[in-house]
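Each chain, written out:
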Amino acid sequence: MGILNDDAVLIERGKNSGDPTIVTVNCPDESGLGSTLCRIILEFGLSITRADFSTDGRWCYIVFWVTPDNSSPKIDWDSLKNRLLSACPSCLGSFYFCLQSNVSKPPSLYLLKFFCLDRKGLLHDVTKVLTELEFTIQRVKVMTTPDGRVLDMFFITDAMDLLHTKQRQTETCDHLTAVLGEHGVICELELAGPELESVQRFSSLPPVAADELFGSDGSSDINSSSSSSNKAVLTVDNQLSPAHTLLHIHCVDQKGLFYDILRTSKDCDVHIAYGRFSSKVKGYRNLDLFVRGTDGKKIADPKHQANFCSRLKEEMVCPLRVIIVNRGPDSELLVANPVELSGKGRPRVFYDVTLALKSLGICIFSAEIGRHSTLDRQWEVYRFLLDESREFPLASLRARNQIVDRVTKTLMGW
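Since the structure is predicted, the reported quantities are computational estimates derived from the model, not experimental observations.

*Asks:* It is not clear to me how helix α9 (residues 302-317) should be interpreted in this structure. Could you clarify?
*Replies:* Residues spaced three or four apart along an α-helix face the same direction, because each turn holds 3.6 residues. Across its 16 residues, α9 extends 22 Å between first and last C-alpha, which sits within 8% of the 22 Å expected from 1.5 Å per residue. Within the span of α9, buried status applies to Q305, F308, C309, L312, E315, M316 and V317. Buried positions along α9 lie against β9 (232-237), β10 (245-252), α8 (257-267) and β14 (330-338).

*Asks:* Can you help me understand helix α10 (residues 349-359) in this one?
*Replies:* Most of α10 is tucked away: 8 of the 11 residues are buried. The set of residues buried in α10 consists of V349, F350, Y351, D352, V353, T354, A356 and L357. Two residues or fewer past α10, G361 is found with a positive phi of approximately 75 degrees.

*Asks:* So what exactly am I meant to see when it comes to the environment of L42 here?
*Replies:* Structurally, the position occupied by L42 is in helix α1 (residues 33-43). Taking C-alpha positions, L42 is 7.8 Å from R348, a pair spaced 306 residues apart along the chain. Residues contacting L42, with those up to four places away along its chain left out, are K255, G256, Y259, P347 and R348.

*Asks:* What is the right way to look at the nonpolar core in this model?
*Replies:* The tendency in soluble globular proteins is for nonpolar side chains to be buried side by side. Ranked by size, the top nonpolar core spans 49 residues in total, and within it I48, F64, I249, F258 and M316 carry the most contacts. Residues from two domains meet in this core; each of domain 1 (9-87) and domain 2 (228-315) gives at least three. Once residues lying within four places of it in the same chain are set aside, the contact partners of M316 are A232, L234, I249, C251, Q254, L257 and I261. Counting residues in each nonpolar core, the second largest holds 47 residues, with L130, I156, L320 and F392 among its members.

*Asks:* Even after reading the chapter, I still don't get the side chain of D158, so can you show me in this structure?
*Replies:* Position of D158 among the secondary structure elements: in strand β7 (residues 149-158). Exposure remark for D158: the relative accessible area of 6% places this residue in the buried category. Polar side-chain contacts of D158 include one of 3.1 Å to the backbone nitrogen of L163. For D158, the contacting residues outside a window of four places in its chain are L133, E134, F135, L163 and R168.

*Asks:* Would you take a moment to explain the sheet that holds strand β4 (residues 59-68) for this structure?
*Replies:* Sheets are built from strands paired through backbone hydrogen bonds, the pairs being either parallel or antiparallel. Across the sheet, 8 strands lie side by side as β1-β2-β4-β3-β11-β12-β10-β9; this open sheet has antiparallel pairing. At either end of the open sheet lies a strand with only one pairing partner, and these are β1 (9-12) and β9. Across the sheet, the axes of successive neighbouring strands diverge by a mean angle of 20 degrees, strand direction being ignored. Set on the sheet, helix α2 (residues 77-87) makes contact with β1, β2 (21-28), β3 (46-55) and β4; between it and β1 the angle comes to about 155 degrees.

*Asks:* In this structure, what is going on with the pattern of salt bridges? I would like to understand it.
*Replies:* Opposite charge on two side chains lets them pair, provided their charged atoms get close. Tallied over the entire structure, the rule returns 32 salt bridges. One salt bridge in this structure joins R276 and D52, with 2.8 Å as the shortest N-O distance. Here D52 lies in strand β3 and R276 lies in strand β11 (residues 271-277), a separation of 224 residues in the sequence. Residue classification places R276 among the partly exposed positions, given a relative accessible area of 41%. Of the charged contacts, one joins R321 and E314 as a salt bridge, the two residues approaching to 3.5 Å between their closest N and O atoms. Look at the salt bridges and you will find they share partners, linking D260, R263, R311, E314, E315, R321, R346, D376 and R377 into a network.

Calculation notes
- Within every chain, residues take consecutive numbers counted from 1 along the sequence as written.
- Per-residue local features are limited, in this predicted model, to residues with pLDDT of at least 70; the limit for side-chain atom pairs, both in listing and counting, is 80 or more; totals at the level of whole chains, interfaces and linings are taken over all residues.
- Processing note: side-chain calculations cover all non-hydrogen atoms of the structure and skip hydrogens and water entirely.
- Numbering of helices and strands runs from the N terminus, with a helix taken as a DSSP run of H or I at least four residues long and a strand as a DSSP run of E at least two residues long.
- Here the expected length of a helix is defined as 1.5 Å per residue gap, with one fewer gap than residues.
- Partly exposed residues are those whose accessible area sits between 20% and 50% of the maximum for their type, while under 20% is buried and over 50% is exposed, using a 1.4 Å probe and protein chains only.
- By definition in these notes, contact holds between two residues if any of their heavy atoms fall within 4.5 Å.
- Residues enter a nonpolar core if they are buried and are Ala, Val, Leu, Ile, Met, Phe, Trp, Tyr or Cys, with the set joined through side-chain atoms within 4.5 Å.
- In this entry, domain limits derive from an automatic or database-based domain assignment.
- Any pair of nitrogen or oxygen atoms within 3.5 Å is treated as a polar contact; in protein, a donor-acceptor pairing is required on top of that, and neighbouring residues in sequence qualify only through side-chain atoms on both sides.
- Strand pairing follows a simple DSSP-based rule, namely that at least 2 bridges must link the two strands.
- Axes here refer to lines fitted to C-alpha atoms; in helices the fit is confined to the stretch in contact. Angles between the N-to-C directions go from 0 to 180 degrees.
- A pair is scored as a salt bridge if a Lys or Arg side-chain nitrogen falls within 4 Å of a carboxyl oxygen belonging to Asp or Glu.

Given below as structure tokens:
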């Protein structure tokens, strides 16, 4: 975003195997910066095991203790540092970098198409390659032909912003060919123009499926199968600090927890001046957040407190929703997550779902990513049309529950 010293982001690798890596960010502050940094860390397949966060509104100091997820053994730490640096505001003054943020254009959208022989786990293997190359999958359309071939269309953006170069395009196709095999592979990359916008959107969800997925009774939330063990307790204290409201959180640990808390606070216009994200104890986390409203004062209004705590609790307990529904004679896996006010969806959802299905040996006949709007928010919805398998007959409620449980646990890091 501007001129920064490399010392704005320091990465200290653990001395012994299994020790966390310490990531320190020391730079000018801006609204939503903590959420953005957590998002990048999550994109790299890292879990935040501890964190300390402090800011005076002009300068922030954040320390993350991170470890790779089991599914992400290879981490490019130099690339992580560059990505974190690119998210830090410059030191040229708040007016300049606010102006810069306003005029910065979104990353270019590219269409990646390939046609090849189908096999089990193919979609995840492709997704893994794209993730390791630091592409973000914005939309996808996957179709299997009767002769056992697959046509995949990925709408992607490049975190390195180099996909317009011939070298980057060649590198991408070479990596895919190495995974897919050389025989019968056709790989094409092009800038996605306005005429391709309609291809990105899938048709509306059937009302019955939408009601089950987004129903107000919460029956479809990701934790419904284990709700008794997945509680979140929030306590508000306006007495301890003269200038801030203390929010104490006790909740079950899960992948992306700190990201969910910071993105929700950002979307609710609640500013965190100091936060501590403690190590988990028996599967639970304790967090202390000193927060203020947009007016720079404590959150004293009981209604405001209740609304914020209710929204925060919902996002912690139910950050994603997973169900299997009938789609004609077939079975469709639906996964949904709320979209940030910035328009961004949750990182690595497609990666985790395809990983879970591959581990179960379930083939994906078709897949789509699109958006769905309810009364109060927009959702990113992933649709997977599943093939029948001998191990998991999809007409069986038990088999469906096993699939939902595995997908849920993979998404949540359990």
